[in-house]
Amino acid sequence: MSSAAEPVRRARAGGPRPPGSPADPPGLAESARRLADGGTTSVALVGAVLSRVEAGRDTLNAFRHLRADAALAEAAEADRRLAAGERLPLLGVPVAVKDDTDVAGMPTYFGCDGALPPATADGEAVRRLRAAGAVVVGKTNSCELGQWAFTEGPAFGATRNPWNPAHTPGGSSGGSAAAVAAGLVPAALGSDGAGSIRIPAAWTHLVGIKPQRGRISVHPYDDAFQGLTVNGPLARTVADAALLLDAAAGPHPGDPHRPPAVDAFGAARRDPGRLRIGLALRPPLTLTRTAPHPEVVRAVTALAEALARLGHQVEEARPRYGLIGLAFVPRATAGIAERAASHPEPGLLDPRTRSALRTGTRLGGRVVRAARAREVRQHRRIGDFFDRGAGVSGSGHGSGFDVLLTPTTAAPPPRIGAHDGLSAWRTDLAMTAACPYAWPWNVLGWPGINVPAGFTRDGLPVGAQLLGPSRSEARLISLAAQLEADRRWYEHRPPVPDTPTAGGR
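Criteria and cut-off values
Residues numbered from 1 in each chain as written. Predicted model: local features only at pLDDT ≥ 70, side-chain atom pairs only at ≥ 80, totals over all residues. Heavy atoms only, no water. Helix = DSSP H or I, 4+ residues; strand = E, 2+ residues; numbered from the N terminus. Polar contact = N/O pair within 3.5 Å; in protein donor to acceptor, adjacent residues only side chain to side chain. Contact = heavy atoms within 4.5 Å. Core = buried A, V, L, I, M, F, W, Y, C linked by side-chain atoms within 4.5 Å. Buried < 20%, exposed > 50% of the residue type's maximum accessible area, 1.4 Å probe, protein only. 1 Å grid on protein atoms, 1.4 Å probe; cavity = no way out; pocket = protein on both sides within 12 Å on 5 of 7 lines; lining within 4 Å. Points joined across faces, edges and corners; volume = space filled by probe spheres on them. Nonpolar A, V, L, I, M, F, W, Y, C, P; charged D, E, K, R; others polar. Pairing = 2+ DSSP bridges. Phe/Tyr/Trp six-rings, centres within 6.5 Å; stacked < 30°, edge-to-face > 60°. Lys NZ or Arg CZ within 6 Å of the ring centre and 35° of its normal. Patch = residues over 30% accessible without salt bridge, like charges linked within 9 Å, V, L, I, M, F, W, Y side chains within 5 Å. Areas by Shrake-Rupley, 256 points an atom, 1.4 Å probe, with all protein chains shown as cover. Salt bridge = Lys/Arg side-chain N within 4 Å of Asp/Glu carboxyl O. Axes fitted to C-alpha atoms, helices over the stretch in contact; angles between N-to-C directions. Parallel < 35°, antiparallel > 145°, perpendicular 65-115°, else oblique.

Undergrad: Teacher, can you tell me more about the side chain of T108 here?
TA: Inspection of the secondary structure puts T108 in the loop between strand 3 (94-98) and helix 5 (124-131). Here the side chain of T108 touches K139 through a polar contact of 3.4 Å, side chain to side chain. Leave out the neighbours within four places in its chain, and T108 touches D99, D100, T101, D102, L116, A119, K139 and Y221.

Next up, the structure:
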């Protein structure tokens, strides 16, 4: 077999594996259960994570930095607390966070090159994870300032997809996605400003939750990227993602967005009831005339058929997105400009980032304020699509839907290096063509979940979005859990590499 065919062979080698095998490390909830029952120790779990990360450094290249010594010390302390009878939701469980999130004592590079000072305090999400007992083992790679749906850059190389290392895991939370999909960590925190959780989750066969704006604090980056960006979990199962969401959720006292609390883990164990679900394969209006790849259409249609078989009313639908992109572009570029302007060595930034900085500076101020002012009307127009009631079996659902089902991306994951050398404009066009579905929900600030939808004939994962109106995480999580019980996507894992391949650096 030729070397060019090897990545495809390796991808096709993935599939069901017996739970509990060496290639099948425990998930988040299972890790917490084993620790509480005395079936393992935090030092053992954290040590195994660190070993797996080091083994994958030249293949996946998922982590920017590890906290090896600090994490092992915290694990030993967690074991002492467990032995003394203390119980917390994630006491002693290893997790990872994306490198746009402050961890005390570590620089927050956010995909950039150069010398940046270490953070003096944990971000609020990390503080809450620690309060739940989690051990943060390190920070995962992101593309520069989270701009693109690939995780590559001169500062760290290329992060690779564990299903096929010739392809990207997506971005910008690609390091978190690759780490979880490969079983390096049981779950990880990412962030989503235009699909940056949902896109890599789709391309690595994971559950990725973009929660309601403000559900998980982004402090100290309040109102991040002009309100587009939220933090959220990536995991192999709905229950694991919900558990991490609960642990990280909650506001900082200074946060401008403070939705009421939700019991995500409880929602993952509840029946969603019978729902009216709109299937929308047509993307919002873009300049690319994007049409979804036939294999994406096939996979998402099969998912819709599964939902109908489970008793839901599934119909084709056409949400009224309108010209929502006119509100997204100023907010996104202004957010990039705000972060890029704070870099101490701007000459080290990617030329495409410097172009976005100039555009965002021009579109700041009055244009951004006008874009944000349109959000109320966008809520009203797109909100008309949804039923605020209790579903088809409830009283008076009218003409609205409970959930919107769309592809997460229009295309399977691109190859590593596919966007090298492109201008800022051509890169943005390529990203818009591949990923036209996710970003409207960032403008709205509403929740969405990527669920695995299957694989292309070449073994590359694709995903589907379950989208809802404001503060609808519980319904979406319950529906995703029901679908997971039927589809059992967690049984499919990437192939275990036989030998190291040409790596990420």
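Undergrad: Which parts of the structure should I look at to understand the nonpolar core?
TA: Nonpolar side chains in soluble globular proteins tend to be buried together. L90, L129, L405, V451 and I477 are the most contacted members of the largest nonpolar core, which totals 62 residues. By residue number, the principal contributor to this core is helix 9 (residues 238-248), which donates 8 residues. Of all hydrophobic cores here, the second largest spans 30 residues; its members include A317, I336, F386 and L404.

Undergrad: How should unusual backbone geometry be read in this particular structure?
TA: As a rule of thumb, non-glycine residues mostly have phi less than zero, and peptide bonds are mostly trans rather than cis. Geometrically, the link from G171 to S172 is a cis peptide bond, its omega value of 5° lying close to zero. Structurally, S172 is set in the loop between strand 6 (157-158) and helix 6 (174-181). For L145, which is not glycine, the phi dihedral falls at a positive 55°. Tracing the backbone shows L145 in the loop between strand 4 (135-140) and strand 5 (152-153). Within the chain, D223 stands out as a residue other than glycine whose phi angle is a positive 55°. Judged by relative accessible area, D223 falls into the partly exposed class, the value being 25%.

Undergrad: What is the right way to read the layout of surface pockets from this model?
TA: A water-sized probe rolled over the atoms picks out the places where empty space is left. Empty space within the largest pocket amounts to approximately 1200 Å³. What lines the largest pocket is a set of 46 residues, and nearest its centre among them are F328, V329, A332, D428 and T432. Secondary-structure elements contributing two or more residues to the lining of the largest pocket are strand 7 (187-192), helix 12 (325-340), helix 13 (351-362) and helix 16 (424-434). Of the residues contributing to the lining of the largest pocket, the split by class is 24 nonpolar, 17 polar and 5 charged.

Undergrad: Looking at this structure, I do not really get the pairing of strand 14 (residues 461-467). What am I missing?
TA: The two faces of a sheet get side chains in turn, since along a regular strand they alternate between them. Judged by how many residues are buried, strand 14 sits mostly within the fold: 7 of 7 residues are covered. Bridge count for strand 12 (residues 403-407) against strand 14 is 4 bridges, and the pairing is antiparallel. Paired with L404 across the bridge in strand 14 is L467. Here 7 bridges tie strand 13 (residues 448-455) to strand 14, and the two strands are oriented antiparallel to one another.

Undergrad: Explanation requested: empty space enclosed by the protein in the structure shown.
TA: Using the criterion set out here, one finds 4 cavities of 30 Å³ or more in the structure. Considering the residues around the largest cavity, the lining is formed by 15 residues, among which D100, T101, V218, Y221 and N231 are closest to the centre. Class assignment of the residues belonging to the lining of the largest cavity gives a composition of 6 nonpolar, 6 polar and 3 charged. Volume-wise, the second largest cavity comes out at about 90 Å³. Forming the boundary of the second largest cavity are 14 residues, of which R213, G214, V218, D223 and H257 lie nearest the centre. Of the residues that constitute the lining of the second largest cavity, the class distribution is 5 nonpolar, 5 polar and 4 charged.

Undergrad: I would appreciate a short explanation of the packing of aromatic side chains in the present structure.
TA: In this description, a pair of aromatic rings is defined by centroid distance and the angle of the planes. Applying the stated criterion across every chain, the model contains 9 aromatic pairs. Each ring, one from F386 and one from W441, has its centre 6.2 Å from the other, and the planes form 75°; the classification is edge-to-face. Taken as a pair, F386 in the loop between helix 15 (375-383) and strand 12 and W441 in helix 17 (residues 440-444) lie far apart in primary sequence, 55 residues in all. The exposure class of F386 is buried, given its relative accessible area of 5%. With a centroid separation of 6.3 Å and 75° between ring planes, the pair formed by F386 and W446 is classed as edge-to-face. Residue F386 is found in the loop between helix 15 and strand 12, and its partner W446 is found in the loop between helix 17 and strand 13; the two are separated by 60 residues along the sequence. With relative accessibility at 3%, the residue W446 sits in the buried group. An aromatic cluster is defined as three or more aromatic residues linked by ring pairs; in this entry it consists of F385, F386, F401, W441 and W446. Lying across the ring of W148, R352 places its NZ or CZ 4.5 Å from the centre.

Undergrad: Explain a nonpolar patch on the surface to me, please; I cannot follow it from the model alone.
TA: A surface patch of nonpolar side chains, amounting to about 340 Å² of accessible area, comprises L285, L323 and L326. Tracing the backbone through its elements, the reader meets L326 in helix 12.

Undergrad: Looking at this model, I keep getting lost on the environment of L466. Mind explaining?
TA: Structurally, L466 can be placed in strand 14. Here the alpha-carbon distance between L466 and T120, two residues 346 residues apart in the chain, equals 37 Å. Leave out the neighbours within four places in its chain, and L466 touches V403, L404, L405, P447, G448, I449, V451, L476, L479 and A480.

Undergrad: Help me understand the packing of helix 5 against helix 9 in this model?
TA: The axes of two packed helices give the description: the angle between them and the distance between them. Orientation of helix 5 relative to helix 9, taken along the N-to-C sense of each, is 105°, at an axis distance of 7 Å. With respect to each other, helix 5 and helix 9 are oriented roughly perpendicular. For the pair helix 5 and helix 9, the contacting residues are A125, R128 and L129 in the first and L244, A247 and A248 in the second. Taken together, the residues of the contact of helix 5 with helix 9 break down into 5 nonpolar, no polar and 1 charged.

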